[in-house]
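Okay, here's what each chain looks like letter by letter:
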Amino acid sequence: GPGSSHNLLDLLDVPMDSASPPGESPPPPALSLRPAPSIDAASFQARWAALPPAPGCAGGSRVLTLGANAAAVLTAPPPLMAHLATRGFATMASGGAPPAIKYYFYAQAEDGAGLFLVEAVVNPAARAARVVLKTDAGAQRGAAAEDILAEAMASFAA
């Protein structure tokens, strides 16, 4: 019955304070991205047009900060592409030059439940990346992907 749960905890010798308080579900597992996502350009364009922005980008682009040496390292698109690839964000397209290097990145959830598309305009001298992240995975995973992206930008040329 409903009164038996504390007995079970006693039985397992679990200290009471480690149990989740009633009404709170445990946090979802952190989002894992596929090491090598793949999507073709036509699909990227179609999904970009159709998908809603993630929570942090709902009001438009969000500015992420790059590492301290970004201006010295990022004189052309490739260094940031290589760095983001290690975090699960592959590059669909890139172009331009400082102060406005433009990228389109994409990532996929390891469990297959989520596609993440990113437009980024990077100003290396200002250590700033204006990003819009769109996803079909819902707000929770969208926010998690934004966190991964923010960490990746911050650790670039740090």
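Presented here is a report on the structure given in the accompanying data block. (Residues numbered from 1 in each chain as written. Predicted model: local features only at pLDDT ≥ 70, side-chain atom pairs only at ≥ 80, totals over all residues. Heavy atoms only, no water.)

Things to note about the overall build of the protein
Moving on, step 1. When helices and strands are tallied, the protein shows five helices and five strands.
Moving on, step 2. Across the protein, helices and strands are ordered from the amino to the carboxyl terminus as α-α-β-α-α-β-β-β-β-α.
Moving on, step 3. Relative to its full complement of 158 residues, the protein shows a buried share of 33%.
Moving on, step 4. For the protein, the accessible surface area stands at approximately 8400 Å², while carbon and sulfur atoms represent 58% of it. (Helix = DSSP H or I, 4+ residues; strand = E, 2+ residues; numbered from the N terminus. Buried < 20%, exposed > 50% of the residue type's maximum accessible area, 1.4 Å probe, protein only. Areas by Shrake-Rupley, 256 points an atom, 1.4 Å probe, with all protein chains shown as cover.)

Considering helix α5 (residues 139-155)
Moving on, step 1. Taking 1.5 Å per residue, 17 residues should reach 24 Å; α5 reaches 24 Å between its end C-alpha atoms and fits that length.
Moving on, step 2. Considered for burial, the residues of α5 that qualify are Gly142, Ala145, Glu146, Leu149, Ala152 and Met153. Relative to the axis of α5, the buried residues are bounded by an arc of 125 degrees and lie together on one face.
Moving on, step 3. Those residues of α5 that are buried lie in contact with β1 (62-65), α4 (78-85), β3 (100-108), β4 (115-123) and β5 (128-135).
Moving on, step 4. Within two residues after α5, alanine 157 carries a phi angle of roughly 55 degrees, on the positive side. (Expected span 1.5 Å × (residues − 1). Arc of directions from axis to C-beta. Contact = heavy atoms within 4.5 Å.)

Some details on the sheet that holds β4
Moving on, step 1. Spatially, the five strands line up as an open sheet ordered β1-β5-β4-β3-β2, and their pairing is antiparallel. Unpaired on one side and paired on the other, β1 and β2 (90-97) mark the two borders of the sheet. The sheet shows a mean angle of 25 degrees between the axes of neighbouring strands, direction not considered.
Moving on, step 2. Inspection of the sheet shows β3 paired to β4 by eight bridges, in the antiparallel sense. Its bridge partner lying in β4, phenylalanine 105 is registered against valine 118.
Moving on, step 3. Together, β2, β3, β4 and β5 form the strand contacts of helix α2 (residues 41-50), whose direction differs from that of β4 by roughly 85 degrees.
Moving on, step 4. Where α4 meets the sheet, its contacts fall on β2, β3 and β4, and the angle it forms with β3 comes to roughly 20 degrees. (Pairing = 2+ DSSP bridges. Axes fitted to C-alpha atoms, helices over the stretch in contact; angles between N-to-C directions.)

A word on the packing of α4 against α5
Moving on, step 1. At a closest axis distance of 10 Å, the pairing of α4 and α5 adopts a crossing angle of 130 degrees. Overall, the two elements α4 and α5 adopt an arrangement that is oblique. The hand of the α4/α5 crossing is right-handed. Taking contact as the criterion, the partners of Leu80, His83 and Leu84 in α4 are, on α5, Leu149, Ala152, Met153 and Ser155. (Parallel < 35°, antiparallel > 145°, perpendicular 65-115°, else oblique. Left-handed = near helix turned anticlockwise from the far one by under 90°.)

What to know about the pairing of β2
Where a strand is regular, its side chains alternate between the two sheet faces.
Moving on, step 1. Inspection of the sheet shows β2 paired to β3 by seven bridges, in the antiparallel sense. Residue pairing for β3: glycine 95 is matched across the bridge by lysine 102.

Some remarks on unusual backbone geometry
Moving on, step 1. At the junction of proline 98 and proline 99, the peptide bond is cis and its omega measures out at 5 degrees in the coordinates.
Moving on, step 2. Here proline 99 lies in the loop between β2 and β3.
Moving on, step 3. The backbone of arginine 127 shows a phi angle near 55 degrees, a positive value even though the residue is not glycine.
Moving on, step 4. Within the secondary structure, arginine 127 sits in the loop between β4 and β5.
Moving on, step 5. Assessed through its relative accessible area of 33%, arginine 127 is described here as partly exposed.

Considerations on the pairing of β5
Moving on, step 1. For β5, a buried count of seven out of eight residues is recorded, marking the element as mostly surrounded by other parts of the structure.
Moving on, step 2. Direction of pairing for β1 relative to β5: antiparallel, over a ladder of four bridges. Along β5, the bridge assignment pairs threonine 65 with alanine 128.

What is shown is where atoms sit, not what they do.
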